[in-house]
Number of protein chains: 2
Amino acid sequence: MKFHFLGTSAGSPTIERNVTSLALTFEQKSSWYLFDAGDGTQQQILRTSLSLPRLDKIFVTHMHGDHCYGLPGILTSRGLMSGSEGKVTIFGPKGIKKFIETILKLSHTKLKYPIDFVEVTQSETVFEDENEKFDCVKLSHDVPSYAYVVQEKDRPGAFDVSKAKAAGITSGPLYGKLTRGEKVTLEDGREFDGKDFVGEAKKGRKVIIGGDNDSPELLNGYLQDAEVFVHESTHTVDVKENLVWKARHSTAASVAQVAQEKNVKNLILTHFSPRFSLRVIDEDDSSMCRIREEAEGIYKGNLNLAQDFDCFCLNRQGELTLEKRKAVKRRKS
Amino acid sequence: MKFHFLGTSAGSPTIERNVTSLALTFEQKSSWYLFDAGDGTQQQILRTSLSLPRLDKIFVTHMHGDHCYGLPGILTSRGLMSGSEGKVTIFGPKGIKKFIETILKLSHTKLKYPIDFVEVTQSETVFEDENEKFDCVKLSHDVPSYAYVVQEKDRPGAFDVSKAKAAGITSGPLYGKLTRGEKVTLEDGREFDGKDFVGEAKKGRKVIIGGDNDSPELLNGYLQDAEVFVHESTHTVDVKENLVWKARHSTAASVAQVAQEKNVKNLILTHFSPRFSLRVIDEDDSSMCRIREEAEGIYKGNLNLAQDFDCFCLNRQGELTLEKRKAVKRRKS
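(A) Quick peek at the state of the cysteines. Within this structure, the stated rule accounts for 0 disulfides over all chains. Left without a disulfide partner, A:Cys136 is nearest to the cysteine sulfur of A:Cys68, which lies 16 Å away. On the basis of relative accessibility, which here comes to 1%, the residue A:Cys136 falls in the buried class. Here B:Cys311 stays unpaired: no disulfide links it, and the sulfur of B:Cys313, its closest cysteine neighbor, is 6.9 Å away. We classify B:Cys311 as buried; its relative accessible area is 5%.

(B) Structural view of the pairing of strand β8 (residues 132–138) of chain B. Residues and elements named next belong to chain B. Burial runs high along β8: 5 of the 7 residues are buried. In this sheet, β8 lies alongside strand β7 (residues 124–128) in antiparallel orientation, the contact comprising 4 bridges. For Thr-125, the partnering residue across the bridge sits in β8 and is Asp-135. Here β7 folds back onto β8 in antiparallel fashion, the turn holding 3 residues. Direction of pairing for β8 relative to strand β9 (residues 146–152): antiparallel, over a ladder of 7 bridges.

(C) Here's a closer look at the confidence of the model for chain A. Averaged over every residue, the pLDDT of chain A is 94; residues scoring 70 or more account for 99%. Model confidence for the complex: the whole-complex pTM is 0.92, and ipTM, which rates the interface, is 0.91.

(D) Fine view of the pattern of salt bridges. Counted according to the given criterion, the structure contains 38 salt bridges over all chains. Where A:Glu323 meets A:Lys2, a salt bridge forms, and the shortest distance between an N and an O atom there is 2.9 Å. In this pair, A:Glu323 is assigned in strand β17 (residues 320–324) and A:Lys2 in strand β1 (residues 2–7), connecting sequence segments 321 residues apart. For A:Glu323, a relative accessible area of 42% puts it in the partly exposed group. Taking the shortest distance from any N to any O, the salt bridge between B:Lys153 and B:Glu128 comes out at 2.8 Å. Separated by 25 residues along the polypeptide, B:Lys153 in the loop between β9 and α5 (161–166) and B:Glu128 in strand β7 bring together distant segments of the chain. Exposure remark for B:Glu128: the relative accessible area of 47% places this residue in the partly exposed category. The network of salt bridges with shared partners includes A:Glu27, A:Glu152 and A:Arg205.

What counts and what doesn't
Residues numbered from 1 in each chain as written. Chains lettered and ligands numbered in written order. Predicted model: local features only at pLDDT ≥ 70, side-chain atom pairs only at ≥ 80, totals over all residues. Heavy atoms only, no water. Disulfide = S-S within 2.5 Å. Buried < 20%, exposed > 50% of the residue type's maximum accessible area, 1.4 Å probe, protein only. Helix = DSSP H or I, 4+ residues; strand = E, 2+ residues; numbered from the N terminus. Pairing = 2+ DSSP bridges. pLDDT = per-residue confidence, 0-100. Salt bridge = Lys/Arg side-chain N within 4 Å of Asp/Glu carboxyl O.

Okay, here's the thing in structure tokens:
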């Protein structure tokens, strides 16, 4: 599973960060999912290997512009590409359907593929099939905002054909039964247990991708066995305390606290206020280092601060590594 | 007067061009105007010296997404900046008001400045004050589309104070009359004609900025004395003839023909199909050189093919020069 950060800025883009968007890709399939899409996300996608026709699910955490203004451009450009006839499903808060439909209509845009909308109003399962399950969890923000919990289902271990053959079991319906872990009796009376022929089950991974939220503890019930926790960290405590307008956002400390208490293995912070820059030196209060310091003081797991175009890889053992990062030149503020 | 090209691609962005947008700035004022804003235009603006709080008029040629999807992000980011309390007026086809208002409402966005909307349905004057006049001209496209004609008013020449003093005319109301070119009689009976004290009037410039359009000759009545003509040139003739879906766009040849017939001094082509690349070599049919060749064969004036971040300067004598251009690496296709 890979996390492709397409935008990591809060509110407005900066010269080094676009507004929020995150793509999720999987080892076993070519289709991929998008979580939020601020203005300019399609231009970010152009600079990756992600293919728009293969985008088939979009999850919108909330309706603020820095999380959804990029959707119409993505949907329209997707429609101009060959091989994009497949349906797109958009999950999001109430209003997302009217938002997309009004824009497409007023801009005279007729897509060649269908869009399904799933509007959410409470914490619930929004999608489930044999491979995965998506729950949304209501958060606390100035407007309705949600986290999405992506849960892969456990996959049965591989069937050991050579072992079955060696035991003299002939291929056919018996193999199917053994694969499913059932017991079978051969015509000669011998009995076999499927679990002796099937390798260890592959445990599904769980990742949580939060929207804007001032109360990360709302996710406590989901964090215990999650492999990755992606959450906004708009401010440091100092900065938040001195804001004239107290926006309902998290601090690095508040997210780190929850992640530490719940033993989260891998934490990725994103959605940083434009005041925090990657380019300025550590001593400056507008340096991203302030966010890192604050989180590091509390959270002792694998801490990551996302940058645009970061690609993190989560393996099946639940280890998260930064696979690719674009260089950023640092300078004195 | 300066033309800042923020996006020069048709339909979808490419790795080298964003979708359409053009900013116009003036020598005598800090406010500036924006013509169209495809998705991602605010990110382009970030990479220029243009200041969003000083943007006070936006002209939308038509409602296709590659010309207007960037507006909500621009308006929202402007609202987050200090000094942005001033009104913005948006001129555009019917639907632009509903488009902006629906998006702002559904994204819970309350701007701290007012927006005035001027919706156009026919060729008419959309704005006029003592300094300038804006006309819109109906074009021919798949959806209602307009060109905007920017006409600076002539400005009176400077009053020669030292000459008036030398003639023994004392400052006060008489100076005002002379400045306006009136005749005055002094108490001693001497008569003076204002025109002897006022320098040559500064002629206002006229520029035409077109929207998507398959019939550039619709602008014939406006081109005769225009200093600059900016028009889409989506395809070459060859490419257009082989398109399965005949979009109602201009070719380099059709725009060049009109510009040549009307003796246009300065022509700037923009809005190129993504198939034309700056980076590929001349021999390739997907090279931008094909557009240039086709236009050069017909139009003998000052021909320019706009690139993103090009800044063209039009002086008061009507001479257009390319002031700044970002380097683009060329490569074999």
